[in-house]
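# Chain and residue survey
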Amino acid sequence: HLKLAAGMGRLGTESAFTVLAHAGKLAAQGKDIINLGIGQPDFRTPEHIVEAGAKALKDGHHGYTPANGLPVLREAVAADLNRRHGVEVNPDNVVVVPGGKPTMFFAVLMFGEPGAEIMYPNPGFPIYESVIKFTGATPVPIRLTEDKGFAFDAESVLAQITDKTRLIIINSPANPTGGVTPKEEIDKLVKGLETHPHVAILSDEIYSEMLYDGREHVSLLQYPSIRDRLIVLDGWSKTYAMTGWRMGYAVWPDQLVDHVTRLCINDHSCVNASAQFAGLAALTGPKDAVLDMVKQFDARRKVIVDGLNALPGVRCADAAGAFYAFPNIEGTGLTSMQAQNKFLEEAGVAAIAGTSFGALGEGYIRFSYANSTENIERALERIGKLLA
Ligand code: PLP
């Protein structure tokens, strides 16, 4: 008989965690499960990073840190953004948070309320739509389609802006599609946004180091005309195989940075100190482990895209970034959810229904290729037998 706040009934979830739990149960029953469901690197965090975290604990870094992150870490983030994107970032605009998710949660909380409109990619990371609905704001989907390589189309984004639009969320390279939006589209979007100064932008660049076939990441930070209303989300989870450390950051504009710091103080006070020292070692230490992981993802990407295209009724677009393949499975006669259940229960392969990423994901299923080539090949073989 508890009376919950209305927002709780509108809060969604990330079903990768549900599938992970289900796969874990089946594995505990002795089933051989290949997990291509959850989006997390299968690598260990590089050793020098782990050591820096352990050393910080041994050295007595056990207390609170500043709510926005250790100054030395925020300076390292600014230097890293300068190295990678050639941009100047004031360390005072960097806010370190526990993972990538808190930035999107806080950004949406800051702008979302009944009557407000927030645009988000669909299919896209499920937390955007979930949190938008939680706040009572109206979610306005940015439709991403296979024929455009799941890149957004600037004109149609701009055409959907109204005087109620408060925030536009974009994500490239993208989850769940692996889509990368080309620079010309981003140029067009930014140019158009210059005439809509009431709209803030959240650019989720968590996969900024995972692009393939010579593609280069375009950061929204490279566009000075929108910097005063731009939030850029990035972090350590994917790049440094640090999903469990809960380390992320964003660059916030001057007019929002105090607001987000207050949300941090209200929510989690600060990120644990040892993780921040580990994050510092990641940014300032050698990069060969990162380059090696990206190289391995690239090799696996080719295996999974080719393998999926060889399956009956399956068509997989070339995955340009991140570590996901998002094949069209309409030709199998299965819905996304039927495919998810069948693949897990009958083939022992965990993958995520496209509809878990929004209604526009029907007809698709997401495979993470952050798993060994051997496991990817085994998974393809099992699904092939099932579909034959
Ligand atoms: N943004 C996107 C697009 C993601 O795919 C993810 C994780 O899957 C995140 C943010 C969140 O990352 P974290 O685990 O650091 O919260």
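Predicted model only: the values in this text are computed from it and were never measured.

The next point concerns the sheet that holds strand β4 (residues 138-143). Strand-to-strand pairing in sheets goes through backbone hydrogen bonds, with the strands running parallel or antiparallel. Across the sheet, which stays open at both edges, the seven strands sit in the order β2-β8-β7-β6-β5-β3-β4 with mixed pairing between neighbours. Two strands in the sheet have a free side with no partner beyond their single neighbour: β2 (94-97) and β4. For this sheet the average axis-to-axis angle between neighbouring strands, irrespective of direction, equals 20 degrees. By the bridge criterion, six bridges tie strand β3 (residues 117-122) to β4 in an arrangement that is parallel. The residue bridging Met 119 from the neighbouring strand is Val 140, located in β4.

Glancing now at the site of the ligand. Around the ligand lies a shell of 13 residues, among which Gly 99, Gly 100, Lys 101, Asn 175 and Ser 237 are the nearest. Counted by class, the shell around the ligand contains two nonpolar, nine polar and two charged residues.

This paragraph deals with the sheet that holds strand β9 (residues 324-325). The sheet built from three strands is open, its strands ordered β9-β12-β11 with antiparallel pairing. In the strand order of this sheet, the two ends are held by β9 and β11 (352-353), each with one partner. Where β11 lies against strand β12 (residues 365-368), two bridges are found, and the strand directions are antiparallel. Bridging from a neighbouring strand, Ile 352 pairs with Arg 366 of β12.

So, on to the packing of helix α3 (residues 47-58) against helix α10 (residues 273-284). α10 packs onto α3 with a crossing angle of 145 degrees between their chain directions and a minimal axis gap of 7 Å. For α3 against α10, the interelement crossing comes out right-handed. Judged by residue contacts, His 48, Ile 49, Val 50, Ala 52, Gly 53, Ala 56 and Leu 57 of α3 engage Ala 273, Ser 274, Ala 275, Phe 277, Ala 278, Leu 280, Ala 281 and Ala 282 from α10.

The next point concerns the domain arrangement of the chain. A common measure of how large an interface is: the accessible area buried when the components associate. Domain boundaries assigned for the chain yield domain 1 (6-44 + 288-387) and domain 2 (63-284). Between the C-alpha centres of domain 1 and domain 2 there is a distance of 25 Å. Contact with domain 1, which involves 37 residues of that partner, is made by 34 residues of domain 2. The element best represented in the side of domain 1 that touches domain 2 is helix α11 (residues 288-309), accounting for six residues.

Moving on: helix α12 (residues 336-347). Compared with an ideal rise of 1.5 Å per residue, which puts 12 residues at 16 Å, α12 spans 15 Å between its outermost C-alpha atoms and is within 8% of the ideal. For α12, the full list of buried residues reads Ser 336, Ala 339, Gln 340, Phe 343, Leu 344 and Ala 347. Buried residues along α12 cover an arc of 120 degrees about the axis, so they all sit on one side. Among the exposed residues of α12, those pointing more than 90 degrees away from its buried face are Glu 345 and Glu 346. Looking at the buried positions of α12, the neighbouring elements they touch are α2 (15-28), β10 (349-350), β11, β12 and α13 (373-387). One or two positions beyond α12, positive phi appears at Gly 348, with a value near 65 degrees.

Turning to the pairing of strand β8 (residues 248-251), a few remarks are in order. Residues of β8 alternate between two faces, with Gly 248 and Ala 250 on one and Tyr 249 and Val 251 on the opposite face, all of them buried. Alignment of β2 against β8, held across four bridges, turns out to be antiparallel. Residue Val 94 lies in a different strand from β8, and its bridge partner there is Val 251. Note that strand β7 (residues 230-235) and β8 share four bridges and pair antiparallel.

What follows concerns the nonpolar core. Counting residues in each nonpolar core, the largest one holds 124 residues, and the members touching the most others are Ile 201, Ile 231 and Val 349. For this core, the element with the most residues is α10, which contributes eight residues. Both of domain 1 (6-44 + 288-387) and domain 2 (63-284) provide at least three residues apiece to this core. Dropping the residues within four chain positions of it, Ile 231 is found in contact with Thr 103, Ala 107, Ala 200, Ile 201, Leu 202, Ala 250, Trp 252 and Leu 256.

Now for the environment of Thr 13. Within the secondary structure, Thr 13 is located in the loop between α1 (6-10) and α2. C-alpha separation for the pair Thr 13 and Ser 356, spaced 343 residues apart in sequence, amounts to 8.7 Å. Sequence-distant contacts of Thr 13, defined by excluding residues within four places in its chain, comprise Thr 18 and Ser 130.

Turning our eyes to something else, we now look at the UniProt feature "domain: Aminotransferase class I/classII large" (unreviewed entry) in the chain. With numbering aligned to this structure, UniProt lists the feature "domain: Aminotransferase class I/classII large" (unreviewed entry) at residues 31-383. For residues 31-383, the end-to-end C-alpha separation is 16 Å, with 39% helix and 14% strand making up the annotated structure.

In this structure, Pro 173 follows Ser 172 across a cis peptide bond, with omega equal to -10 degrees. Structurally, the position occupied by Pro 173 is in the loop between β5 (165-171) and α8 (183-193). The residue Ala 322 is not glycine, and still its phi comes out positive at about 60 degrees. On the basis of neighbour counts, which here come to 30 C-beta atoms within 10 Å, the residue Ala 322 falls in the buried class.

Definitions and limits used
- Residues numbered from 1 in each chain as written.
- Predicted model: local features only at pLDDT ≥ 70, side-chain atom pairs only at ≥ 80, totals over all residues.
- Pairing = 2+ DSSP bridges.
- Helix = DSSP H or I, 4+ residues; strand = E, 2+ residues; numbered from the N terminus.
- Axes fitted to C-alpha atoms, helices over the stretch in contact; angles between N-to-C directions.
- Near = placed C-beta within 6 Å.
- Nonpolar A, V, L, I, M, F, W, Y, C, P; charged D, E, K, R; others polar.
- Left-handed = near helix turned anticlockwise from the far one by under 90°.
- Contact = placed C-beta atoms within 7 Å.
- Domains from an automatic or database assignment.
- Expected span 1.5 Å × (residues − 1).
- Buried ≥ 20, exposed ≤ 12 C-beta atoms within 10 Å, placed from the backbone.
- Arc of directions from axis to C-beta.
- Core = buried A, V, L, I, M, F, W, Y, C linked by C-beta atoms within 7 Å.
- UniProt positions renumbered as here; feature names shortened; annotations may be inferred.

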